[in-house]
Amino acid sequence: MPNKNDNLNITENIKPVIVECLKYIDDNLCEPLNLDCISKHTGYSKFYFTRVFKQYIGMPLMEYVKRRKLTFASTDLLNGEKTIDVALRYGYDSPSGFTKAFVKEFGFSPSILKTMKLHFSVLGGNYHMSHIFLEKTDIHTSKEELFTALLKLIEDSSSGYNISSIKKAYSFA
C-alpha cells in the first residue's frame, strides 16, 4: 500500500520531466499537440504522465496546452496580428472557434483586447476607462460596433477626451 511519501517521491523524480515537458509545449504551440505526442516526448505512458502532470501542475495536461496557446495568442493579437491568422496558427479551425475559446478563458473577446491596446497606446496609457473594456459583449461584435460603443461611453462620461482625436486615431489604426 502506497504511503504519503510515495507521492512526494513521484513528484520529485518527475520534476525534471515536467519542466522539459512545459518547455516542449511552449516550443511547439503552433504544432498539433496532443496527448500521444506529449507523452511520447516524455517517455512515459499517457495514463501515468497525465496523472502525474495533473498532480504536479494542478490541471489536466490538455487544459494547460489550451491555456498556453491562448496566452501566446493574446500576445500575438497585442502585437497587431489579425485574429484569423492567430487562430489558424494555434490550431483553431476558424476565427469563431478561437474567439469562443478566448472568451471562455479570459471573459472578453479578442476585439476587446485590441481595443484596450489602442486605448493604452493612443490615449496615453492611463487606466481611467479600463472598466469600459471589461464589459461583456457579444463574441461576434465587430470593431466598428465596439468603437461606436466606446465613443458613446466617452461622450456619456464627460471625461474630457477629444473625440475628434480619438476618431482620427481609429481611422489611422
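As the structure is a computational prediction, the values presented were derived from the model and not from experiment.

*Asks:* Looking at this structure, I do not really get helix 2 (residues 35-42). What am I missing?
*Replies:* An α-helical segment advances 3.6 residues per turn. Residues three or four places apart therefore align on the same side. Every buried residue of helix 2 is listed here: I38, S39 and T42. For helix 2, the angular spread of the buried residues around the axis is 95°, confining them to a single face. Directly after helix 2, the chain includes G43, whose backbone phi takes a positive value near 85°.

*Asks:* Is there a simple way to think about the pattern of salt bridges in this case?
*Replies:* Any two side chains of opposite charge can pair, on the condition that their charged atoms come close. The full count for this structure, using the stated rule, is nine salt bridges. Residue K66 pairs with E63 through a salt bridge whose shortest N-O separation is 3.5 Å. With K66 and E63 both in helix 4 (residues 61-78) and three residues apart, the pair spans about one turn of that helix. Overall, K66 belongs to the partly exposed group, its relative accessible area being 26%. Its relative accessible area of 26% is what places E63 among the partly exposed residues. E105 is paired through a salt bridge with R67; the nearest N and O atoms lie 3.4 Å apart. Of the two residues, E105 sits in helix 6 (residues 95-106) while R67 sits in helix 4, which places them 38 residues apart along the sequence. You can call R67 partly exposed: its relative accessible area is 33%.

Cut-offs used in this document
- Residues numbered from 1 in each chain as written.
- Predicted model: local features only at pLDDT ≥ 70, side-chain atom pairs only at ≥ 80, totals over all residues.
- Heavy atoms only, no water.
- Buried < 20%, exposed > 50% of the residue type's maximum accessible area, 1.4 Å probe, protein only.
- Helix = DSSP H or I, 4+ residues; strand = E, 2+ residues; numbered from the N terminus.
- Arc of directions from axis to C-beta.
- Salt bridge = Lys/Arg side-chain N within 4 Å of Asp/Glu carboxyl O.

By themselves these figures say nothing about function.
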